[in-house]
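Structural characterization, general
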Amino acid sequence: MNKPFAAIRRSALALASTTLLLGSAFAQEPPAVDEAAFRSCLAQLQGSSAFRAVDAASFTRFTQGLAPDPSVLVLLDRQPEFTLPVWDYIAVLVDDERVADGRAAYAKWQDTLRRIEQQTGVAPNVVVGVWGVESNFGQNLGGRPLVQSLATLSCFGRRQAYFRGEFAAALRILQEGHIAPEKLVGSWAGAFGQTQFMPSTFFRSAVDFDGDGRRDIVDSVPDALASTAKFLQNAGYRRGEPWGFEVQLPPGFDTSDAGRKNRRPIDAWRRAGLTLADGSALPDTLPSAGLLIPARGRTAGGASGTGPAFLVGRNFDTLYSYNASENYALAIAQLSNLVANPGAGVAFATPWPTDDPGLSRAQNRELQSLLLARGHDIGSADGMIGAKTREAIKAEQQRLGMKPDGRAGQKLLAALKR
């Protein structure tokens, strides 16, 4: 993939996934767009080289009567104004609910997942981890019509060249009959399906695993899971290797050289005094690994230390390639571990360097219920901490004499419960 376009795709997916995680956070009014200019743009696109794989009849059929959606332009130009610390990010993505749902999904689809592993080499629990983080096992697919969103982004705003390629790919998906038009919905940026593929990714990695002649990553769980594994295989996933493991650092260990890409042989890490989190010797399951310390240099409250540390290998990189975020990749990695280990708890062995840990989705809902009971107009208690909930949190933090930063944490929840 062209590097600038890859960066665009990653930033778009990162913002889209943050919006799904945090809830709607954009109150800005969408800009006015010229519908005549939109129609003219579509006519020009139809005859361009980017759309040569889309025949005229299909182009007309799937764009006839289409109106632009200016709200996607607001999302394109905004970055999330509220950045989650890693302990909040992991707390909401890898909570008891998602782990339980993941174990149930793993059990239900284990035969399909084993057959997928035979073909691709990708471990079943890793595929389930991606599925859980991307769409909560198919429960959160997004609801924006892709053709409308991508057509708008192709004609207005920045990055039009990139989105035109995705628009053309979306029309080709419809033309070939893989997905029904009414089912081709997803994020504002164009990601769709059980594991949120961009349309161009669909043609590189989607497979027809159930044998019905269509690559249906929306309604066919076997197609979606096999396509996810194919994506990871294409990204360089290594059969039989773990993504990595949590480790314990020796006292006084110099972490200045830490980094996912600064790989050393496992034996070198042994000589440096690193062990598994339980104190046992590092295994030989990875030929080399980099040291990942997600919370390095970031503490909160009166806490100290570096937090959990991990040695990660090539398969962690394939998870990173899905969305270009180490926190995102770690969430998938941890969820995949827990799915495959029924007795394990959600916490890492080493606590995060904060005295105010993050909340699970159940705790977010409890917090929102308490805010609603205090008269705050935040909508429903859905576990998604969006703009309205954060404004209510700020008001309560001020009332309680806490720092009014809008963050949902354990201290605020405990104070409201009191």
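Further up the page is the structure itself.
First, a word on scope: everything that follows refers to the structure included in this document. (Residues numbered from 1 in each chain as written. Predicted model: local features only at pLDDT ≥ 70, side-chain atom pairs only at ≥ 80, totals over all residues. Heavy atoms only, no water.)

Helix and strand counts for the protein stand at 18 helices and seven strands. Here the C-alpha radius of gyration of the protein, 23 Å, is about what a compact globule of 418 residues would show, namely 22 Å. For the protein, the proportion of its 418 residues judged to be buried stands at 52%. Across the protein, the fraction of contacts at a sequence separation of at least 24, relative to all contacts at a separation of at least 6, is 71%. On the protein, roughly 17,800 Å² of surface is accessible, and the fraction owed to carbon and sulfur atoms is 49%. Positive and negative side-chain charges of the protein, numbering 45 and 41 respectively, have mean locations separated by a distance of 4 Å. (Helix = DSSP H or I, 4+ residues; strand = E, 2+ residues; numbered from the N terminus. Rg over C-alpha atoms; globule rule 2.2 N^0.38 Å. Buried < 20%, exposed > 50% of the residue type's maximum accessible area, 1.4 Å probe, protein only. Contact = heavy atoms within 4.5 Å. Areas by Shrake-Rupley, 256 points an atom, 1.4 Å probe, with all protein chains shown as cover. Lys, Arg positive; Asp, Glu negative; His and termini not counted. Charge placed at Lys NZ, Arg CZ, Asp CG, Glu CD.)

Below, the discussion takes up the packing of aromatic side chains. One pass over the structure, following the stated rule, counts 15 aromatic pairs. The interplanar angle of 50° and the centroid separation of 6.2 Å between the aromatic rings of tryptophan 243 and phenylalanine 310 together place this pair among those described as tilted. A residue pair is termed long-range when its members are at least 10 positions apart, and tryptophan 243 in the loop between α12 (221-234) and β3 (244-248) and phenylalanine 310 in strand β7 (residues 309-312) qualify at 67 residues. Assigned by exposure class, tryptophan 243 and phenylalanine 310 land together as buried. Three or more aromatic residues joined by ring pairs make a cluster, and in this case those are Trp243, Phe310, Phe316, Phe348 and Trp352. Here the basic side chain of arginine 172 rests over the ring of phenylalanine 203, its NZ or CZ set 3.8 Å away from the ring centre. For arginine 264, the ring lying beneath its charged end belongs to tryptophan 269, and the centroid distance is 4.6 Å. (Phe/Tyr/Trp six-rings, centres within 6.5 Å; stacked < 30°, edge-to-face > 60°. Lys NZ or Arg CZ within 6 Å of the ring centre and 35° of its normal.)

The next point concerns the nonpolar core. Generally speaking, soluble globular proteins have nonpolar side chains that are buried together. Ranked by size, the top nonpolar core spans 92 residues in total, and within it Ile90, Phe167, Phe192 and Leu232 carry the most contacts. With residues up to four places along the chain from it excluded, the contact list for phenylalanine 167 reads Leu42, Leu45, Phe51, Thr63, Val147, Leu150, Ala151 and Ser154. With 14 residues, the next largest nonpolar core counts Val247, Ala258, Leu274 and Ala309 among its residues. (Core = buried A, V, L, I, M, F, W, Y, C linked by side-chain atoms within 4.5 Å.)

Taken in spatial order, the five strands line up as β4-β6-β7-β3-β5 in an open sheet, and their pairing is antiparallel. The open sheet is flanked by β4 (259-265) and β5 (275-276), the only strands paired with a single partner. Judged from the four bridges that link them, β3 and β7 form a sheet pairing that is antiparallel. Opposite phenylalanine 245, over in β7, you have leucine 311 as the bridge partner. Packing of helix α14 (residues 314-323) onto the sheet brings it into contact with β4, β6 (288-292) and β7, and relative to β4 it is tilted by some 165°. (Pairing = 2+ DSSP bridges. Axes fitted to C-alpha atoms, helices over the stretch in contact; angles between N-to-C directions.)

Once that is clear, we can look at the state of the cysteines. The final tally for this structure, using the stated rule, is one disulfide. In this model cysteine 41 forms its disulfide with cysteine 155; the gap between the sulfur atoms is 2.1 Å. Taking the sign of the torsion about the S-S bond as the criterion, the disulfide between cysteine 41 and cysteine 155, at about -90°, is left-handed. Linking cysteine 41 in helix α2 (residues 35-46) with cysteine 155 in helix α9 (residues 146-155), this pair joins segments that are 114 residues apart in sequence. The same class applies to cysteine 41 and to cysteine 155, which are both buried. (Disulfide = S-S within 2.5 Å.)

This brings us to the pairing of β3. In terms of burial, β3 is largely enclosed, as four of its five residues are buried. Direction of pairing for β3 relative to β5: antiparallel, over a ladder of two bridges. When the sheet's bridge partners are listed, valine 247 is paired in β5 with leucine 276.

One can describe the packing of α12 onto α14 by two numbers: an axis separation of 9 Å at closest approach and a directional angle of 110°. Classified by the angle their axes make, α12 and α14 are roughly perpendicular. As α12 runs across α14, the sense of the crossing is right-handed. Here Thr228, Phe231 and Leu232 of α12 lie close against α14, whose contacting residues are Thr318, Leu319, Ser321 and Tyr322. (Parallel < 35°, antiparallel > 145°, perpendicular 65-115°, else oblique. Left-handed = near helix turned anticlockwise from the far one by under 90°.)

Moving on, we come to the pattern of salt bridges. Under the defined criterion, the tally for this structure stands at 24 salt bridges. With a closest N to O distance of 2.7 Å, aspartate 88 and arginine 407 form a salt bridge. Of this pair, aspartate 88 sits in helix α5 (residues 86-93) while arginine 407 sits in the loop between α17 (387-400) and α18 (410-417); the two residues are 319 residues apart in sequence, bridging distant segments of the chain. Comparing aspartate 88 with arginine 407, the two get one shared label, buried. Lysine 183 serves as the salt-bridge partner of aspartate 219, at 2.5 Å between the closest nitrogen and oxygen. One end of the pair, aspartate 219, is in the loop between α11 (199-205) and α12; the other, lysine 183, is in the loop between α10 (160-175) and β2 (185-186), with 36 residues separating them in the sequence. The class of aspartate 219 is partly exposed, set by a relative accessible area of 46%. Lysine 183 sits in the partly exposed class, given a relative accessible area of 34%. (Salt bridge = Lys/Arg side-chain N within 4 Å of Asp/Glu carboxyl O.)

Bringing the pairing of β7 into the picture now. If a strand is regular, its side chains alternate between the two faces of the sheet. The alternating pattern of β7 places Ala309 and Leu311 on one face and Phe310 and Val312 on the opposite face, and all of these are buried. Pairing of β6 with β7, which is carried by three bridges, proceeds in the antiparallel orientation. Within β7, the position partnered with leucine 292 by the bridge is phenylalanine 310.

So, about the side chain of asparagine 364. Note that asparagine 364 resides in helix α16 (residues 361-373). Among the residues examined, asparagine 364 registers a relative accessible area of 5% and is labelled buried.

Taken N-terminus to C-terminus, the directions of helix α7 (residues 110-120) and α12 make an angle of 30°; their axes are 10 Å apart at the nearest point. Judged by the inter-axis angle, α7 sits roughly parallel to α12. Here the hand of the crossing between α7 and α12 comes out right-handed. Contact residues: Thr112, Leu113, Ile116, Gln119 and Thr120 in α7; Pro222, Leu225, Ala226, Ala229, Lys230 and Gln233 in α12. Across the contact of α7 with α12, the residue classes break down as six nonpolar, four polar and one charged. (Nonpolar A, V, L, I, M, F, W, Y, C, P; charged D, E, K, R; others polar.)

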